[in-house]
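Take a look at the letters that make up each chain.
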Amino acid sequence: MRIAFIGLGNMGAPMARNLAAAGHSVTGVDLASVEIDGVSMASSIAGAASGVDVAITMLPDGGALRAVAEELIPALTAPACWIDCSTVDIAACRDVHSTAKAAGLHALDAPVSGGVGGAEAGTLTFMCGGSEDAFATAQPLFDIMGAKAVHCGAGGAGQAAKICNNMILGATMIVTCEAFALADRLGLDRQAMFDVVSTSSGASWSVNTYCPAPGIGPEAPSDRNYAPGFATELMAKDLALAEAAAEEVGSQILIGRRAAEIYRTFLGHGGAGKDFSAVLQMLEEASPAEN
């Protein structure tokens, strides 16, 4: 396929590289000057999108998505497919879906889970909202960039799934870190803690796959001084999106809101630029009264 890829940061760059390595013709656009093996760079969104079969975007927020949509949608020729892999507010997502549909384009919101490691390895999970036709067009590309793609429903359903998933992830990581911090103060060996929890009812992705305690379990960001696989800033952003979505529909998210507060606090206490699992450091340093 002829593909335009807009947004070539930590996630977008390896995704575009994997598509090019699989034989697709990929033209990229980014605000920064980047070089990616197999990817031709264009100086404008319109230049990249002219005559393509598919456009893929990976953008930081809803404002950026709306701004890119103003340039991208007129540059695409129907029935091209636009796959937006950003994680943004549902309102922005639905608005650009509507505009794209009115222009005769297929559109798919397809936020991802798996972090930078998943983008590099091509093992991402895509959560998709849009038409069956759009999903069918995108499926071969998802097979290259990821390990799984789920069609969740109409436009916006992918964003809804991502928001709910990451609310679970954020809260689960916090309580995992609290448990390790408590185990430390109780004198429990971390390896023994992992061996018990990872094979018991407390098992979770945050424990078994992404353990926040260094040197325990499979390699994770905690073993690399918490260099971000999924940055604290991104977790705080996703939890804020969950708060906004819950307020919009009148849903109660008591634990989700508390998790959002904790990550915002962590950003002000050394968490900026670190993986979200580094919240363990803040909890370990906190006094009993602060806990």
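Summarised in this report is the structure supplied together with it. (Residues numbered from 1 in each chain as written. Predicted model: local features only at pLDDT ≥ 70, side-chain atom pairs only at ≥ 80, totals over all residues. Heavy atoms only, no water.)

### What to know about the pairing of strand β4 (residues 54-57)
Part 1 of the argument: Side chains V54 and I56 project from β4 onto one buried face, and the interleaved A55 and T57 project onto a second face that is buried too.
Part 2 of the argument: Relative to strand β5 (residues 81-84), β4 runs parallel, the two being bridged by four bridges. When the sheet's bridge partners are listed, V54 is paired in β5 with C81.
Part 3 of the argument: In this view, the connection linking β4 to its parallel neighbour β5 by way of helix α3 (residues 62-75) has right-handed handedness. (Buried < 20%, exposed > 50% of the residue type's maximum accessible area, 1.4 Å probe, protein only. Helix = DSSP H or I, 4+ residues; strand = E, 2+ residues; numbered from the N terminus. Pairing = 2+ DSSP bridges. Right-handed = clockwise from strand over helix to strand, strands pointing away.)

### Points about the pairing of strand β6 (residues 106-109)
Part 1 of the argument: Inspection of the sheet shows β5 paired to β6 by four bridges, in the parallel sense. Considered in β6, the bridge of C81 is made with H106.
Part 2 of the argument: The β-α-β motif built from β5, the intervening helix α4 (residues 90-102) and the parallel element β6 has right-handed crossover chirality.
Part 3 of the argument: Examined bridge by bridge, β6 and strand β8 (residues 124-130) share two bridges and lie antiparallel to one another. Within β8, the position partnered with D109 by the bridge is G129.

### Let's talk about the packing of aromatic side chains
Part 1 of the argument: One pass over the full model with this rule turns up six aromatic pairs.
Part 2 of the argument: Here W205 and Y210 contribute two aromatic rings whose centre-to-centre distance is 4.7 Å and whose plane-to-plane angle is 20°, an arrangement assigned as stacked.
Part 3 of the argument: Ring pairing ties together the aromatic residues W205, Y210, F230, Y263 and F276, which thus form one cluster. (Phe/Tyr/Trp six-rings, centres within 6.5 Å; stacked < 30°, edge-to-face > 60°.)

### A short note on the packing of helix α7 (residues 157-185) against helix α11 (residues 254-271)
Part 1 of the argument: Packing of α7 against α11 brings their axes to within 9 Å, and their N-to-C directions diverge by 65°. On the basis of the axis angle, α7 is roughly perpendicular to α11. Considering the relative orientation of α7 and α11, their crossing is left-handed. Contact with α7, carried on its side by M167, G170, A171, M173 and I174, involves I255, G256, A259, I262 and Y263 of α11 and no other residues of that element. (Axes fitted to C-alpha atoms, helices over the stretch in contact; angles between N-to-C directions. Parallel < 35°, antiparallel > 145°, perpendicular 65-115°, else oblique. Left-handed = near helix turned anticlockwise from the far one by under 90°. Contact = heavy atoms within 4.5 Å.)

### So, empty space enclosed by the protein
Part 1 of the argument: A full pass over the atoms with the stated rule returns one cavity of 30 Å³ or more.
Part 2 of the argument: Space inside the largest cavity adds up to approximately 50 Å³.
Part 3 of the argument: Looking at the largest cavity, the residues that line it are L65, W82, D84, C93, V96, H97, A107, L108 and D109.
Part 4 of the argument: Secondary-structure elements contributing two or more residues to the lining of the largest cavity are β5, α4 and β6.
Part 5 of the argument: Class assignment of the residues belonging to the lining of the largest cavity gives a composition of six nonpolar, one polar and two charged. (1 Å grid on protein atoms, 1.4 Å probe; cavity = no way out; pocket = protein on both sides within 12 Å on 5 of 7 lines; lining within 4 Å. Points joined across faces, edges and corners; volume = space filled by probe spheres on them. Nonpolar A, V, L, I, M, F, W, Y, C, P; charged D, E, K, R; others polar.)

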